[in-house]
Amino acid sequence: MTNTSQRSGGRSASKPQLKTQTLKELFDTEFKPREHLIAPWLREGESALIWSEPGVGKSMLSLSVALCIAGGGELMGWKSEKPRRVLVVDGEQHIEDIKERAGLLMGTIDGVDEELASENVTIFARQDQDPRASFPDLVEDSGQDDIFNRAVKGEFDLVILDNFST
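Residues numbered from 1 in each chain as written. Predicted model: local features only at pLDDT ≥ 70, side-chain atom pairs only at ≥ 80, totals over all residues. Heavy atoms only, no water.

**Q** Would you mind going over the packing of aromatic side chains with me for this structure?
**A** Each aromatic ring pair is specified by the distance between its two centres and by the angle formed by the two planes. What the rule picks out here adds up to 2 aromatic pairs. On the numbers, 5.2 Å between centres and 65° between planes, the contact of Trp41 with Trp78 is edge-to-face. With Trp41 in the loop between β1 (36-38) and β2 (42-43) and Trp78 in strand β4 (residues 78-79), the pair connects residues that are 37 residues apart, well separated along the chain. With relative accessibility at 22%, the residue Trp78 sits in the partly exposed group. In this structure, Arg150 is placed above the aromatic ring of Phe124, and the distance from its NZ or CZ to the ring centre is 4.0 Å. (Phe/Tyr/Trp six-rings, centres within 6.5 Å; stacked < 30°, edge-to-face > 60°. Helix = DSSP H or I, 4+ residues; strand = E, 2+ residues; numbered from the N terminus. Buried < 20%, exposed > 50% of the residue type's maximum accessible area, 1.4 Å probe, protein only. Lys NZ or Arg CZ within 6 Å of the ring centre and 35° of its normal.)

If you want it as structure tokens, here you go:
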């Protein structure tokens, strides 16, 4: 059975089918080793969610992690072995506030290559857009496709979505 539903952003003409496999098939599968983006908790191909009540510092932590991974530094005992490209999708902060916060945080990350970090982090902020522009809505397939296509085209190793209320 083939699913022929169209995605507006163009990931594919049809949705990939969900799959199952037996435990034997899983045991027989050789996996390519996944590198840590930031050790010991986030490897390639994994997802993470940072959650707490408003005003606790989730955005500051997310931006710190982005800078650490982008510049190959160490943050709170977590280490990024090599610089990676990071896309930060911000749905609520003003672009000037992001600039100010990034500037403050940059000097707090041990061993970060500040020049590389500033080149490897790309900010896609809602508050940086023309008011008439339509910022991607992640509830919609087209919004998901937009972010997916930006991530693929930009060859980003990590995408940070800040925040879900957008």
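Continuing now.
**Q** Sorry if this is basic, but what is going on with the nonpolar core here?
**A** The nonpolar side chains of a soluble globular protein tend to be buried, and buried together. Residues Leu67, Ile69, Val86 and Leu158 are the most contacted members of the largest nonpolar core, which totals 22 residues. Where this core is concerned, the elements lending two or more residues are β1, α2 (58-71), β5 (86-90), α3 (95-106) and β7 (158-162). Here this core takes 7 residues from α2, the largest share from any one element. Setting aside chain neighbours within four positions, we find Val86 in contact with Ala66, Ile69, Ala70, Asn120, Val121, Thr122, Phe156, Leu158 and Ile160. (Core = buried A, V, L, I, M, F, W, Y, C linked by side-chain atoms within 4.5 Å. Contact = heavy atoms within 4.5 Å.)

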